[in-house]
Amino acid sequence: MNNPSPCLLAIDTSTAFLSLGVHMHGQQHLIYEEAGTQQSALILPTIQRLLNECSITLSDIDAIVYAQGPGAFTGLRIGIGVAAGLAAPLNIPMMGIPCLAAVATLVPDEPCVLAATDARMHELFYAWFDTQTHTRLSDDCVGAADSIRLPENQSHGVGVGNAFGLGLSLPVTGLAQMPHADTYLKLALSGHYPTTPPAQAHLRYVRNKIALTAVEQAQHRGLHS
């Protein structure tokens, strides 16, 4: 973005909460509401409410920032679909922010941070970061909590993400916190993430399977009964 003070709209639908934000004139205007399974019904009217509160229209937006994943599959699809639908008619650039990078940002200035979130199906989405240098120590991964290991050449670290509220055994202790739209806006303004045309916006997937089949669910219940 060439504008030194851009007007940004952020959309995070990666969890059961609808988190929206506008950055304009150096200030942030935020909405954070529990949406559950109603995100598709709530997202457009809530975005319009936020724009009205800011006294702006879509034509004032310089870029639409969206949670890129990994995260709740249906929520992410709703978020990128709505973002692209709003951006395309006005050719507004879009900016995808990786969800685990946003999670890690909640623990700044640490050399080894595990960002871990609930992936359902008894698995976690996770990645390791150095938030002192704003670099990754691993790719995005998905797996069971007991499969997660410290990165090579790291003897200790800290963690953050809703996985730390699940009572699981993880290699580090951490805070059960999740980012909101303000975190995505902060990262969008960092200059570390490029914008793309709406047609090129995409999500980050770390697994192809998004749900257990009925047979697998029955087998799992049998194993844990």
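Remember, it's a predicted structure, so these values are computed and weren't measured experimentally.

**Digging into the overall build of the protein chain**
Helices and strands together make up the secondary structure of the protein chain, namely five helices and 11 strands. In terms of overall size, the protein chain behaves like a compact globule, its C-alpha atoms giving a radius of gyration of 18 Å where 225 residues would be expected to give roughly 17 Å. In the protein chain, which comprises 225 residues, the share counted as buried stands at 44%.

**Comments concerning helix H2 (residues 73-90)**
Spanning 18 residues, H2 covers 27 Å between terminal C-alpha atoms, matching the ideal 26 Å at 1.5 Å per step. Listed in full, the buried residues belonging to H2 are Gly 75, Leu 76, Ile 78, Gly 79, Ile 80, Val 82, Ala 83, Leu 86 and Ala 87. In the segment just after H2, Asn 91 is the residue with positive phi, at about 55°.

**Description of the nonpolar core**
Within the largest apolar cluster, 44 residues are counted, with the highest numbers of intra-cluster contacts made by Leu 9, Val 22, Ile 47, Ile 61 and Ile 64. Examining the composition of this core, we find that seven residues originate from one element, H2, more than from any other. Those residues within four positions of Ile 64 in sequence are excluded, and the remaining contacts are Leu 9, Ile 11, Ala 83, Leu 86, Ala 87, Ile 92, Pro 93, Met 94 and Met 95.

**Overview of the side chain of Ser 19**
Residue placement: Ser 19 occurs in strand S2 (residues 17-24). In terms of polar contacts, Ser 19 uses its side chain to reach the backbone amide nitrogen of Ala 181, at 2.7 Å. If we skip the residues at most four places from it in the chain, Ser 19 touches Ala 10, Ile 11, Asp 12, Ile 31, Tyr 32, His 180 and Ala 181.

**Concerning the sheet that holds strand S1 (residues 8-12)**
A sheet is described by the order of its strands in space; here five strands give the open sequence S3-S2-S1-S4-S5, paired in mixed fashion. This sheet does not close on itself; its edge strands, each paired only once, are strand S3 (27-34) and strand S5 (94-97). Looking at each pair of strands side by side, their axes are set apart by 15° on average, direction ignored. In terms of strand pairing, S2 meets S3 through eight bridges, oriented antiparallel. When the sheet's bridge partners are listed, Leu 20 is paired in S3 with Ile 31. Sheet strands in contact with helix H1 (residues 39-53) are S1, S2 and S3, and its direction is about 25° off that of S2. Strand contacts of H2: S1, strand S4 (63-67) and S5, with the helix running at about 170° to S4, the strand carrying the most contacts.

Rules behind the numbers
- Residues numbered from 1 in each chain as written.
- Predicted model: local features only at pLDDT ≥ 70, side-chain atom pairs only at ≥ 80, totals over all residues.
- Heavy atoms only, no water.
- Helix = DSSP H or I, 4+ residues; strand = E, 2+ residues; numbered from the N terminus.
- Rg over C-alpha atoms; globule rule 2.2 N^0.38 Å.
- Buried < 20%, exposed > 50% of the residue type's maximum accessible area, 1.4 Å probe, protein only.
- Expected span 1.5 Å × (residues − 1).
- Core = buried A, V, L, I, M, F, W, Y, C linked by side-chain atoms within 4.5 Å.
- Contact = heavy atoms within 4.5 Å.
- Polar contact = N/O pair within 3.5 Å; in protein donor to acceptor, adjacent residues only side chain to side chain.
- Pairing = 2+ DSSP bridges.
- Axes fitted to C-alpha atoms, helices over the stretch in contact; angles between N-to-C directions.

Interpretation in functional terms is not warranted from these geometric data alone.
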